[in-house]
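# Per-entry structural report
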Amino acid sequence: MPLFGGLTEAALGVLLDDSREVAMPAGAFFFHEGDTGESLYVLDAGEVELTKATPAGPVVLAHLQAGDCFGEMALIDLAPRSASAQAVLATRALEISMGGLHALYQRDVEQFALVQMNMARELSRRLRRLGDRLRG
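So, a few notes on the structure that sits alongside this text. (Residues numbered from 1 in each chain as written. Predicted model: local features only at pLDDT ≥ 70, side-chain atom pairs only at ≥ 80, totals over all residues. Heavy atoms only, no water.)

### So, the pattern of salt bridges
To keep things clear, this is the line we draw: For this analysis, a salt bridge means a side-chain nitrogen from Lys or Arg found within 4 Å of a carboxyl oxygen belonging to Asp or Glu. A run of H or I in DSSP counts as a helix once it spans at least four residues, and a run of E counts as a strand once it spans at least two, with each numbered from the N terminus.
Under the defined criterion, the tally for this structure stands at 6 salt bridges. Linking Glu95 and Arg20 is a salt bridge whose minimum nitrogen-to-oxygen distance equals 2.6 Å. Remark: Arg20 occurs in strand β1 (residues 20–24) and Glu95 occurs in strand β8 (residues 91–97); sequence separation between them is 75 residues. When the shortest N-O distance is used, the salt bridge between Glu72 and Arg126 registers 2.2 Å. Of the two residues, Glu72 sits in helix α2 (residues 72–77) while Arg126 sits in helix α4 (residues 109–135), which places them 54 residues apart along the sequence.

Pasting the structure below:
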């Protein structure tokens, strides 16, 4: 999974110690636009759709599958959720909390920085794909 690329076993262990598995049935929301963001998710199975509310109705920003992460933007900028995340199919994800990231920061700042770079890289990839879609 790209989010964990380059992490040591010890760093991964710190993150996993504070994480939990979340199962969502089709149609359930992981979070809604405007919610406080206190965790990110790594999709293990199923599909998730990210949507943004507009005056014309919701717009699909991304369709995510196993290995993708989501919810990281709120952890990077500490702002409310910028979109909603809904399970399209029955879905299973690993939830990594802000506390887990803080524990990694306390233990190994270099590994924490690597996770931050991986989150930013994944966010950038998703934004580029969206830009390509919008250009048609």
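Having seen the model, we can carry on.
### Re the sheet that holds strand β7 (residues 84–87)
Each strand in a sheet pairs with its neighbour through backbone hydrogen bonds, running either in the same direction (parallel) or in the opposite one (antiparallel). Threshold: The rule for pairing is simple: two strands pair if DSSP sees at least two bridges between them. To obtain an axis, a line is fitted to C-alpha atoms, over the contacting stretch when the element is a helix, and the angle between two such axes runs from 0 to 180 degrees between their N-to-C directions. Contact criterion: two residues are considered in contact whenever any of their non-hydrogen atoms come within 4.5 Å of each other.
The antiparallel open sheet is built from 4 strands, whose spatial order is β2-β7-β4-β5. Lying at the two open borders of the sheet, with one neighbouring strand each, are β2 (29–31) and β5 (59–64). Neighbouring strand axes in the sheet, compared pairwise and without regard to direction, differ in orientation by 25° on average. As paired elements, β2 and β7 share 2 bridges and run antiparallel to each other. The residue bridging Phe29 from the neighbouring strand is Gln86, located in β7. The sheet strands contacting α4 are β4 (48–52) and β5, and the helix crosses β5 at an angle near 130°.

### Some words on the side chain of Ser97
Keep this limit in mind: Type-normalised accessible area, obtained with a 1.4 Å probe on protein chains alone, sets the label of each residue: buried when under 20%, exposed when over 50%, and partly exposed for intermediate values. What qualifies as a polar contact is a pair of N or O atoms within 3.5 Å, subject to a donor-acceptor requirement within protein and to the restriction that residues adjacent in sequence count only when both atoms come from side chains.
The residue Ser97 is located in strand β8 in this model. Relative accessible area serves as the criterion here: at 18%, Ser97 is assigned to the buried category. One polar contact links the side chain of Ser97 to the main-chain amide nitrogen of Gly100, over a distance of 3.0 Å. Those residues within four positions of Ser97 in sequence are excluded, and the remaining contacts are Asp18, Glu38 and Ser39.

### Concerning helix α1 (residues 9–17)
The test is simple: The arc refers to the directions leading from the helix axis to the C-beta atoms.
Listed in full, the buried residues belonging to α1 are Ala11, Val14 and Leu15. Along the axis of α1, the buried residues cluster in a sector spanning 95°; they form a single face. Along α1, exposed side chains directed more than 90 degrees from the buried face belong to Glu9, Ala10 and Asp17. The secondary structure elements touched by the buried residues of α1 are β8, α3 (98–107) and α4.

### Points about the environment of Gly37
Structurally, the position occupied by Gly37 is in the loop between β2 and β3 (39–45). Sequence separation between Gly37 and Leu78 is 41 residues, and the spatial gap between their C-alpha atoms is 7.3 Å. Non-local contacts of Gly37, meaning those with residues more than four positions away in its chain, are made with Ala74, Leu75, Arg81 and Met98.

### Structural notes on the nonpolar core
Quick reminder of the rule: Each nonpolar core is a collection of buried residues, namely Ala, Val, Leu, Ile, Met, Phe, Trp, Tyr and Cys, held together in the definition by side-chain atoms within 4.5 Å.
Of all hydrophobic cores here, the largest spans 17 residues; its most connected members are Leu3, Leu15, Leu40, Ile96, Leu101 and Val115. Those elements giving two or more residues to this core turn out to be α1, β3, α3 and α4. Examining the composition of this core, we find that 4 residues originate from one element, α4, more than from any other. The contacts of Leu40, once residues within four sequence positions are left out, are Leu3, Cys69, Phe70, Gly71, Glu72, Leu75, Leu94, Glu95, Ile96, Leu101 and Met119.

Everything listed here is a matter of coordinates, which is why it stays silent on function.
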